[in-house]
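Notes for the structure review
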Amino acid sequence: MRLSQLCSTFLALQGCPDGLSSPEVLPLLPDSTSGPSGASNEPRGRRAALPCPAFPSLTPSFVYLKMGETSRAAGPGLPSSPSPPPRSPRSACSPAPPLGKGPGGDIAGHLTFPLLSVTLLVSFGSSMLYGYNLAVVNSPAEHIKAFYNATWSQRFGHGLAPGPLTLLYALTVSIFALGGLLGSLLVGLLVEQYGRNGALSRSALLVLLAGGFMGFSRELGSPEMVIVGRAITGLHSGICLSVVPLYLGEIAPKNLRGFLGLMPSIFICLGVFSAQVLGLPELLGKDRFWPLFLSVVVVPASLQLLLLHCFPESPRYLLIERNDVCGATKALQRFLGTPDVQDVMQEMREEQRALSCMEMVSVWQLLRERSLRWQTLSVAVLNAGMQLSGIDAIWFYTNTIFENAGIPASQIPYTTMGTGAIEVVAGLIGCFTIERVGRRPLIITGFCAMGVCSAGITISLLLQAALPWMRYVSVACVVGIIAGFCMGPAGVPFLMTAELFMQSHRPAAYIVGGSLNWLCNFTVGFIFPFLQMSAGAFCYLVFCGVCLLVALYVYLVIPETKNKTFMEISHIFATRRSVLSAPAHLIGMMKLDGYGTLESSSLEGSGSSLP
């Protein structure tokens, strides 16, 4: 191995500034492996590493000893044997000794105040707004329709017919999803340009703009401002719904990735619950308060805008994409609450080395990459199934569903609020059990429960004319759908999108998953009122079929990712591809490269090689 490569590798492992460890900026020095005559056995013009300021006594022999390789500097004729690496002083940006390890030698992390604080902040300032905006149009629906009708009458001298009025209100509801679709398409550009933290901070400005549009819409007599405001809130949610789990997945230790990754889903449920509580007639549910009701979102967004800059950027983004060793080390030390981050840095460096020859891929490149087809298909199934499960129909039209079930109008707001409380409890159960039971059981159980309850709604609506008590079964099934969703499908798809891909493919994967998520969200929100009018109670059987099919796919295809690094998860899928494509007697004998894809290599005990 070349001396320059050894020096560069050593300095990189010690975390010296890039300007000192990068071969591109090192001056030409004589080769230490030259013979007595000064002739080198290697091409001239190689770049040798200069000593790091933190290691003034660094010599070639020290490098060979430090790297544990044969000590060629000891001179010819001496026996070559590996030597233990001596301890050396650390620079300000270098990692300290290894982080504590858990059972089996895995890197163990614990929940620190900065980790918990930034998780709560982005969940409150971004994820909660998604849940709030999903449910906020439910209780003031009649007030908004009355405003649209009155404005139309003032402009044109006559009111809107029921059909066009329903269409206009359905556009108000579903335009949120179209904005989300656009936002999800911008995720890759934003996180590459501004980072994860920076993208979240800048997106908060969109909420302030949207709140102004919706808050002054009635004063200015403009239904268009309500629709534009809803579209902008959707744009914000489309960005944050992908960036928040991306950010949390990259800063969390692997043993806390599930817990922190599901925290946003709890706040999504809290957002829905907040909208249901504030929509009560005693609070903001009256006709004169609905513009304020829609624009309350500016409060959490303002708090995030003020405080998020106090927390560091994602260490993985800093190291792998920006090659900022010092910044990544400091961010890790801040998030983990300890200077002992060497093992975490080493794990990230392994991923960086695996991706050293790869650029950030585009969506088109991701879709064409055969080695990742199962990961890409899994993300598509999870995100599309999440919305086609019918949860948005439940959230958008809860009052209408309860009204059709025979619940008295005076009791509907309180019944709806009760379902919101159950959402929060179910989300907490999922969050605190995911690291114990894993991702697969939560998502399979959640989708199965939703499918059974969707069929139950159909049965109860068909029988409630003959059996009045079936209306309570209908309410129980709605509660079951919401609880099943919040326990697993609400957050696990976003978490698994981060886990199934490496750093170079992760933004493109979020674009694919987010686009499908929002497209299906728009489809359900726009079509459900008409589907309900045409199919009646049988419309819920469509959602039942989708839920059961997604649960079956997860059971058959997606592996468990609990307590596994991103590299290990990639290897699992590579092994699965080998099982599907290789002869049975070759299974388990395949060599994987650093990214987890199959190499053309010889097999042990066989003269053949894999394609």
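Now for a look at the structure at hand. Fair warning: this is a prediction, and the values are worked out from it, not measured in the lab.

**Concerning the packing of helix 5 (residues 141-156) against helix 6 (residues 162-185)**
Remark: helix 5 packs on helix 6, axes separated minimally by 10 Å, with the N-to-C direction vectors making an angle of 120°. By the angle between their axes, helix 5 is oblique relative to helix 6. Seen from above, helix 5 lies across helix 6 with right-handed handedness. On helix 6, the residues that touch Ala 141, Ile 144, Lys 145, Tyr 148 and Asn 149 of helix 5 are Leu 165, Leu 168, Tyr 169 and Thr 172. Tallied by class, the residues present in the contact of helix 5 with helix 6 amount to six nonpolar, two polar and one charged.

**Let's talk about the nonpolar core**
A general tendency of soluble globular proteins is for nonpolar side chains to be buried together. Membership of the largest hydrophobic core comes to 86 residues, with the highest contact counts inside it found for Val 118, Val 122, Leu 200 and Tyr 247. Examining the composition of this core, we find that nine residues originate from one element, helix 8 (residues 223-251), more than from any other.

**Structural notes on the pattern of salt bridges**
Inspection of the entire model under this criterion finds eight salt bridges. Two residues, Arg 218 and Asp 287, come together in a salt bridge whose shortest N-O distance is 4.0 Å. You can see Arg 218 sitting in the loop between helix 7 (187-215) and helix 8 and its partner Asp 287 sitting in the loop between helix 9 (257-278) and helix 10 (290-295), a full 69 residues away along the chain. Through salt bridges that share partners, Arg 196, Glu 250, Glu 321 and Arg 506 make up one connected network.

**Description of the packing of aromatic side chains**
One pair of aromatic rings is described through two measures. These are the centre distance and the angle between the planes. Applying the stated criterion to the full structure yields nine aromatic pairs. When the centroid spacing of 6.0 Å and the interplanar angle of 45° are considered together, the rings of Phe 147 and Tyr 148 count as tilted. No difference in accessibility class separates Phe 147 from Tyr 148, as the two residues are buried. Residues Phe 147 and Trp 290 carry aromatic rings whose centres are separated by 5.3 Å and whose planes lie at 50° to one another, so their mutual orientation is tilted. With a gap of 143 residues between them, Phe 147 in helix 5 and Trp 290 in helix 10 connect regions that are remote in the sequence. Members of the aromatic cluster, joined through ring pairs, are Tyr 130, Phe 176 and Trp 518.

Definitions and limits used
- Residues numbered from 1 in each chain as written.
- Predicted model: local features only at pLDDT ≥ 70, side-chain atom pairs only at ≥ 80, totals over all residues.
- Heavy atoms only, no water.
- Axes fitted to C-alpha atoms, helices over the stretch in contact; angles between N-to-C directions.
- Helix = DSSP H or I, 4+ residues; strand = E, 2+ residues; numbered from the N terminus.
- Parallel < 35°, antiparallel > 145°, perpendicular 65-115°, else oblique.
- Left-handed = near helix turned anticlockwise from the far one by under 90°.
- Contact = heavy atoms within 4.5 Å.
- Nonpolar A, V, L, I, M, F, W, Y, C, P; charged D, E, K, R; others polar.
- Core = buried A, V, L, I, M, F, W, Y, C linked by side-chain atoms within 4.5 Å.
- Buried < 20%, exposed > 50% of the residue type's maximum accessible area, 1.4 Å probe, protein only.
- Salt bridge = Lys/Arg side-chain N within 4 Å of Asp/Glu carboxyl O.
- Phe/Tyr/Trp six-rings, centres within 6.5 Å; stacked < 30°, edge-to-face > 60°.

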